[in-house]
Every structure is written in C-alpha cells, then in structure tokens.
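Inside the fold
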Amino acid sequence: MLVLDTTNLCNLECVWCPTGQRKNTRPLVTMPKERAFKIIDMFGPYLKEILLFNWGEPFLNKDIIEIMSYAKKKYSPYIVISSNMNVDLSYENACKIVDSGLDKFIASIDGITQQSYEIYRKKGDCRLAFENLKMLVKAKKDMNSQTPEIVWQYLVFKHNEHELAEAEKLACEMGVDKIEFQKPWCPVEWASTIERYSNYVAGRQDKEYKYKEDYCNWLWNSVVINSNGSVSPCCSVEDEKEDFGNIFGQSFFKLYNNENFAAARRYNKTRKNGERVNRCTLCEHIGTCNHKRN
C-alpha cells in the first residue's frame, strides 16, 4: 500500500491535526504531477492500493484528478481519496472524479449542524461540504457508474455524538453508499462517551489507550511518502525530523531496509528497544491502528 500525500496544504484548522494547528513540522509543499507519476511508476506492478491523502486537502493540488487517473489506467490499484469537502468542486470536476476510476471517495464531515461541525473543523463550512457531497453523488448517478464508493466519514467526539441517528438518516436521504462513524485519536476530554467510538479504556483515569498485541503491519507492506518525498514509517508521523529518509536521490529498496526501518521492525516483534531509538520504538499506538481494506 502506498500513501502518497501530494500536498500538505489545508484550508481548514482542525483542532487536533498538526496541519490545522499550523505546527509547521513539515515544509509546505504541493507535489508536481511529474513527481507523483515518477513515484507511482517506481512501485508500478507491486501496487495493490494507493491512498492519495494524509496531512493535506488533496484537492488543493490542481493535478490530483490527473494523478489518480494516471495510476488507475496504468497499474489498476485500488485507489482511495479523502476530502474535507470545503473546496470549489464543480459538477464538471465531480464527473471527472467519477470517470477517473477512483474506487473510494471519503468525505470527512463531523456533524450535521454548523454548530457541532465547526467545533473540530475550524474554518469549515458544513453547508458547502454537504453541497459538494450531494454533487458527487449526483455525478455518479448521472454517469451510471458503480464507482467510486462514496463514504461519509464522521469522527465521533463527545460534542457531536448526539447527532449520530440524524446523520444516518441524512446519509440515506443523500444517497451516499455508506456512513462510517470513526473513533478519532484525540485528548480524553474530547473522546466520545460511547465506548465503541473511543480509543481509551473505559473507566480508567490515566488516559490509557486500548492496547493490542498485533504487529504493526505498516512496517512490512506499506510506504508513506510525503509531498516533498520524505518517507515516514506510517501515516501518523507528524514531524519530518522523525522520518526515515527521502525517496528522491537514493534507491527505495535501500531506504526501506535502512537501520531505522530495521530497528523499528525488531522492536515491533520483541517490544524491546534496540540500539536505535526512533518514532516507532516510542509509539503509543503500536498495533492499534493497522490498515486494512474493508
């Protein structure tokens, strides 16, 4: 699985996102399509899945539809994109998205009213997000297409958990394929009081994460490439200083087996720190957020 973040620019200021908080832990870069094509070609036939998002709003890269079309037509991986839907999405572009061969479109809208929505999605417009979502649904229907699967993703916090039933009703009315209620990584005071939507152990006062014994599969079957080519061990590494190298100017296969990756994999198997301390050997989430396609 390739996570390819073609821009880390974002127009919103989501409260617990490093981009939204303007932490500036990474240089702000929009990847030219030629570089994106080069990375896609680098992995070519090995690609099973591409996530074209991470730290930014992908539709702020004017070439994003062309990039997804290129990957799909040349290598046919399963392609996913996620958007905050606060973009200038025309009906023409909605049709181009459908025509690109995109497999899954995630619309991140955490609330059904502006009052609840903007608590987390600072500077976001709930009305605009829903208008764009309806436009995409219409384009898919008008083109009589089976793809993309249109998923409304709703991060469940304490402040918006009371709207879940209404959100399900609205999703049905709009004609999206699915609504997914997700548990976000957030401070415990923001976490939902509904146990299945919280990453914390119920009833504990020490803010303990739910822990799993699983290996972290990011280190073996995926690669995360940021908009300037910097390579992270997984999608949650906020600071470029904690990355494991850069995709440009060296062999990826040497990078993927360098000492940082090797030490991270050893720790993942033994849970014992080796001679090299890096982001993975300090991770609080190890085994809790493995990726899998539904």
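Treat the numbers as computed from the prediction; the structure is a model and nothing was measured.

Take the pairing of strand β5 (residues 149-155) next. Most of β5 sits out of view: six of its seven residues are buried. Relative to β5, strand β4 (residues 104-108) is paired through five bridges, and the arrangement is parallel. Bridge pairing in β5 places Ile106 opposite Val151. Bridge count for β5 against strand β6 (residues 178-182) is five bridges, and the pairing is parallel. Residue pairing across strands places Val151 opposite Lys178, the latter belonging to β6. Handedness of the β5-helix α6 (residues 164-174)-β6 crossover: right-handed.

Another aspect to go through is the pattern of salt bridges. For the structure on display, the rule yields 20 salt bridges. Glu131 is paired through a salt bridge with Arg127; the nearest N and O atoms lie 2.8 Å apart. Here Arg127 and Glu131 lie together in helix α5 (residues 126-142), a separation of four residues that amounts to about one turn. Residue classification places Glu131 among the partly exposed positions, given a relative accessible area of 41%. In this structure, the salt-bridge partner of Lys241 is Asp239, at a minimum N-O distance of 4.0 Å. One network of salt bridges, in which partners are shared, links Lys104, Glu149, Lys178 and Glu180.

So, about the sheet that holds strand β7 (residues 223-225). The strand order across the open sheet formed by nine strands is β6-β5-β4-β3-β2-β1-β7-β8-β9, and the pairing between neighbours is mixed. If you trace the sheet from one side to the other, it starts and ends with β6 and β9 (245-246), each paired once. In terms of strand pairing, strand β3 (residues 78-83) meets β4 through four bridges, oriented parallel. Opposite Ser82, over in β4, you have Ile106 as the bridge partner. Against the sheet, α5 contacts β4 and β5, and its axis sits at roughly 160 degrees relative to β5.

What counts and what doesn't
- Residues numbered from 1 in each chain as written.
- Predicted model: local features only at pLDDT ≥ 70, side-chain atom pairs only at ≥ 80, totals over all residues.
- Heavy atoms only, no water.
- Buried < 20%, exposed > 50% of the residue type's maximum accessible area, 1.4 Å probe, protein only.
- Helix = DSSP H or I, 4+ residues; strand = E, 2+ residues; numbered from the N terminus.
- Pairing = 2+ DSSP bridges.
- Right-handed = clockwise from strand over helix to strand, strands pointing away.
- Salt bridge = Lys/Arg side-chain N within 4 Å of Asp/Glu carboxyl O.
- Contact = heavy atoms within 4.5 Å.
- Axes fitted to C-alpha atoms, helices over the stretch in contact; angles between N-to-C directions.

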